[in-house]
Amino acid sequence: MMRTALLLFALLVAPVASAGGLPPSKSAALLEPTEAMLRDLRAAISRYADFSVAEAEGWQPFGGEEPLMGRHYHLGENGPDYAGPDTVPDPTRPSNLMYSTIDGEQVLTGVAFGIRIAPDEPLPEGFPGHADIWHVHDIPEIFAAATAERPVLRWLGGLWLEHRFKGTADGRDRLAMVHVWATLDNPDGVFAHYNRLVPYLKHGLPPQFADSASEAAARGLALAAPEGCENSFEGRLWIAQAERWQRKAIMAACAREAEAVAAAVAACGPDGADWLNAIAEAAWQRLDTTFRQIATPEQQRRLASIVEHGDAHAAGGSSAWQLPDDARVPGSHGH
């Protein structure tokens, strides 16, 4: 049952990827209380720069490596259980650590905090000020989408859902999450959903290449990293319940785009940021188009259930990989 739960829960950590467009604006200026919390956070997690320390303390992985985040690690029942919209998380006790494989090493890219809220509750206050950006996962809705036409999985997952969320008897079965890039610079700010810098570091490219890159360019570049296509698509194909032919067609298209991006990386010089980013962005956009042509409306609906940004749901005219820009709102205020 635990493996089933982790397969499902692995999809909770990642907001839906954008098909393109400009990167979000940098976070608003941080208040001193927020800066103080970040200092406490950095001090508390500094020991986890050594990946073996996290392993020794019992942090366990779930899911694969999200290309613009890393792989999430948790403490299971020993981790914090934050609940309620007025909750201010303890900066010394994050819900998740995030690691990404860079130059063969496990690099701590940041952390995540998760707070359970009820359907009628606002997003958490979280960190002081307006800079923290939260996204929300409706856990029962995700389970329903992922286990449709999978009765055994629905039964197993339901047992875990009852134990982990409904068993608390407080009705808080939606999970609000915020990522905090406390250990790795982020061109979009410390509370951004994603970190566009990660795939550039994986390829050994100058960090400033990410400054002018769209999210689509960063995702296109990530395709050419080891297991790039698997990390980008396997989880989504699973929750969409893709047919074998669909999976084969999408992964073949991804392999072609990854090869083209890899060739561009190899040929790129120190002044080639705009050229490389244009190639990577076009590769991701072609792949997004291919995915939307192959996936059925029902499959895209299942994917849209994974996440909502702020109070806006990923639905309507958005693709399975795209949310409207106005859905990306600061999550702790102005609900």
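## Considering the packing of aromatic side chains
Then step 1. Taken as a whole and assessed by the stated rule, the structure comprises nine aromatic pairs.
Then step 2. Seen from their ring centres, Tyr48 and Trp59 are 5.7 Å apart, and the 70° between their planes marks the pair as edge-to-face. Of this pair, Tyr48 sits in the loop between helix H2 (32-45) and helix H3 (51-56) while Trp59 is found in the loop between H3 and strand E1 (60-66), placing the two residues eleven residues apart along the sequence.
Then step 3. Residue Trp59 is classed as buried on the basis of its relative accessible area of 5%.

## Looking at unusual backbone geometry
Of all residues except glycine, most have a negative phi; of all peptide bonds, most are trans.
Then step 1. Notably, Asp103 is not glycine yet its phi reads approximately 55°, a positive angle.
Then step 2. Mapped onto the secondary structure, Asp103 falls in the loop between strand E4 (96-102) and strand E5 (105-117).
Then step 3. Overall, the relative accessible area of 74% leaves Asp103 in the exposed class.
Then step 4. One non-glycine residue with positive phi stands out, namely Glu227, at about 60°.
Then step 5. Looking at the secondary structure, you find Glu227 in the loop between helix H7 (215-223) and helix H8 (228-240).

## Here's the deal with the confidence of the model for the protein
Then step 1. Put simply, the protein has an average pLDDT of 81, and 75% of its residues get 70 or more.
Then step 2. Here strand E9 (residues 312-313) stands out as the element of the protein with the lowest mean pLDDT, 27, in contrast to H3, whose mean of 98 is the highest.
Then step 3. This stretch, residues 15-27, has a pLDDT under 50; its non-local contacts, to residues over four places away or in other chains, come to 54 contacts.
Then step 4. Below pLDDT 50 for its whole length, residues 311-335 participates in 66 contacts with residues either more than four positions away or in separate chains.

## A short note on the pairing of E5
Then step 1. The element E5 is extensively covered by neighbouring structure, given that ten of its 13 residues are classed as buried.
Then step 2. Judged from the two bridges that link them, strand E3 (residues 82-83) and E5 form a sheet pairing that is parallel. Bridged to Ala83 within E5 is Arg116.
Then step 3. Sheet topology note: the E4/E5 ladder contains seven bridges and is antiparallel. Paired with Ser100 across the two strands is Val107, which belongs to E5.
Then step 4. Between E4 and the antiparallel strand that follows it, E5, lie two residues; Asp103 among them carries a positive phi value of about 55°.
Then step 5. Pairing of E5 with strand E7 (residues 174-180) involves seven bridges; the strand directions are antiparallel. When the sheet's bridge partners are listed, Ala112 is paired in E7 with His179.

Conventions used here
- Residues numbered from 1 in each chain as written.
- Predicted model: local features only at pLDDT ≥ 70, side-chain atom pairs only at ≥ 80, totals over all residues.
- Heavy atoms only, no water.
- Phe/Tyr/Trp six-rings, centres within 6.5 Å; stacked < 30°, edge-to-face > 60°.
- Helix = DSSP H or I, 4+ residues; strand = E, 2+ residues; numbered from the N terminus.
- Buried < 20%, exposed > 50% of the residue type's maximum accessible area, 1.4 Å probe, protein only.
- pLDDT = per-residue confidence, 0-100.
- Contact = heavy atoms within 4.5 Å.
- Pairing = 2+ DSSP bridges.

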